[in-house]
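The primary structure of each chain is shown beneath.
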Amino acid sequence: MPRLVDHEVRQREITDAVRRVIVDGGLAAVTFQSVAAEAGFSVRLVQYYFGTKREFLLATHQAVRQDAGARLIQELSVLGAEATPREIISAFLVGMLPLDRQRREEAIVLGAFHAAALTGQGIAAEETLTAPRELTALISGQLQRVTNRDAVAPSMDPDLDAELILAAVAGLAQGMLPGYATAELAVQLVERLLDRILGLTRPQATNQPEVGRR
């Protein structure tokens, strides 16, 4: 009997190939031919699953978002139900940083899509904004928990501060790609940003090693 094909698996193999092509050569390197060669498929097979380049680009963008979301859910499950708003926000933000190979590749891919949206390369800006809007809403919700529960940072505006936090950390994540900061410094900057917005609500370690830019 002929082997049944799992279409979702095949589509994922194609979007994974798109991701690798983007990481190696940028969005301009993505064609039906380059993706088919990277995936080990025929061009016709790629066209069967995705009729246009735009379709597999958007599917790749969605796959990257889903991977990041699944990883975040896993990290929050480790924190547990008693996690504080600060711990949850910190998990959100550190999860955005390119601290390992997978997150570095995701940052490169998302950065390429952002650039494409700005330069009109077939991707509309509106199609890339779902993830930052979702993150902003999640951070704002946690900041609202702080204002409801604690007396710290009385001038906090959950919505505006969420926008500020996300903008700062997104910029830091992209800046890390060419080596602007070490992983240690990036995490330290995230915690310092939260100190500034939430107040000094975490224990301060002593004799911390000095970290800095490369």
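Residues numbered from 1 in each chain as written. Predicted model: local features only at pLDDT ≥ 70, side-chain atom pairs only at ≥ 80, totals over all residues. Heavy atoms only, no water.

### Thoughts on the overall build of the chain
Next, step 1: Within the chain one finds nine helices and zero strands.
Next, step 2: Counted from the first residue to the last, the chain has its helices and strands arranged as α-α-α-α-α-α-α-α-α.
Next, step 3: Residues counted as buried form 38% of the 214 residues belonging to the chain.
Next, step 4: Taking all contacts inside the chain whose residues are at least 6 apart in sequence as the whole, residues at least 24 apart take part in 65%.
Next, step 5: Surface exposure of the chain reaches about 12400 Å², of which carbon and sulfur atoms provide 55%. (Helix = DSSP H or I, 4+ residues; strand = E, 2+ residues; numbered from the N terminus. Buried < 20%, exposed > 50% of the residue type's maximum accessible area, 1.4 Å probe, protein only. Contact = heavy atoms within 4.5 Å. Areas by Shrake-Rupley, 256 points an atom, 1.4 Å probe, with all protein chains shown as cover.)

### What about the pattern of salt bridges?
Next, step 1: All told, the structure shown has twelve salt bridges when counted by the stated rule.
Next, step 2: The salt bridge involving Arg12 is made with Asp16; its shortest N-O contact spans 2.8 Å. Of this pair, Arg12 and Asp16 both sit in helix α1 (residues 7–25), four residues apart, roughly one helical turn.
Next, step 3: Under the relative-accessibility criterion, Arg12 is labelled partly exposed at 29%.
Next, step 4: For Asp16, a relative accessible area of 24% puts it in the partly exposed group.
Next, step 5: In this structure, Arg101 and Glu105 form a salt bridge, with 3.2 Å as the shortest nitrogen-oxygen distance. (Salt bridge = Lys/Arg side-chain N within 4 Å of Asp/Glu carboxyl O.)

### Focus: the UniProt feature "DNA-binding region" (unreviewed entry) in the chain
Next, step 1: Mapped onto this structure's residue numbering, the UniProt feature "DNA-binding region" (unreviewed entry) falls at residues 31–50.
Next, step 2: Secondary structure content for residues 31–50 is 75% helix and 0% strand, while the C-alpha to C-alpha distance between its ends is 12 Å. (UniProt positions renumbered as here; feature names shortened; annotations may be inferred.)

### Notes on helix α8 (residues 158–176)
Next, step 1: With 19 residues, α8 extends 27 Å between its outermost C-alpha atoms, agreeing within 8% with the 27 Å of an ideal straight helix rising 1.5 Å per residue.
Next, step 2: Buried within α8 are the following residues: Pro158, Asp161, Ala162, Ile165, Leu166, Val169, Leu172, Ala173, Gly175 and Met176. (Expected span 1.5 Å × (residues − 1).)

### Remarks on the nonpolar core
Next, step 1: Core analysis: the largest hydrophobic core is formed by 26 residues, its most contacted members being Leu93, Leu97, Ile139, Leu143, Ile165 and Val169.
Next, step 2: Among the elements of the structure, α5 (85–96), α7 (130–149), α8 and α9 (183–198) are those that each provide at least two residues to this core.
Next, step 3: Tallying contributions element by element places α8 first for this core, with seven residues.
Next, step 4: Judged by nonpolar contacts, the second largest core, of 22 residues, contains Val18, Leu27, Val30 and Tyr49. (Core = buried A, V, L, I, M, F, W, Y, C linked by side-chain atoms within 4.5 Å.)

### Quick notes on the packing of aromatic side chains
Next, step 1: Evaluated as defined, the whole model comprises three aromatic pairs.
Next, step 2: Ring centres 4.9 Å apart and planes at 90° place the aromatic pair Tyr48 and Tyr49 in the edge-to-face group.
Next, step 3: For Tyr49, a relative accessible area of 11% puts it in the buried group.
Next, step 4: Grouped by ring-pair contacts, the aromatic residues Phe32, Phe50 and Phe56 constitute a single cluster.
Next, step 5: Geometry around Phe41 places Arg10 over its ring, the cationic atom sitting 4.9 Å from the centre. (Phe/Tyr/Trp six-rings, centres within 6.5 Å; stacked < 30°, edge-to-face > 60°. Lys NZ or Arg CZ within 6 Å of the ring centre and 35° of its normal.)

### So, the packing of α8 against α9
Next, step 1: Where α8 contacts α9, the two axes come as close as 11 Å, and the packing angle between them is 170°. The angle between the axes of α8 and α9 places the two elements in the roughly antiparallel class. Contacts between α8 and α9 involve Asp161, Leu164, Ile165, Ala168, Val169, Leu172 and Met176 from the first element and Ala183, Ala186, Leu189, Val190, Leu193, Leu194 and Ile197 from the second.
Next, step 2: Among the residues forming the contact of α8 with α9, the class breakdown is 13 nonpolar, no polar and one charged. (Axes fitted to C-alpha atoms, helices over the stretch in contact; angles between N-to-C directions. Parallel < 35°, antiparallel > 145°, perpendicular 65-115°, else oblique. Nonpolar A, V, L, I, M, F, W, Y, C, P; charged D, E, K, R; others polar.)

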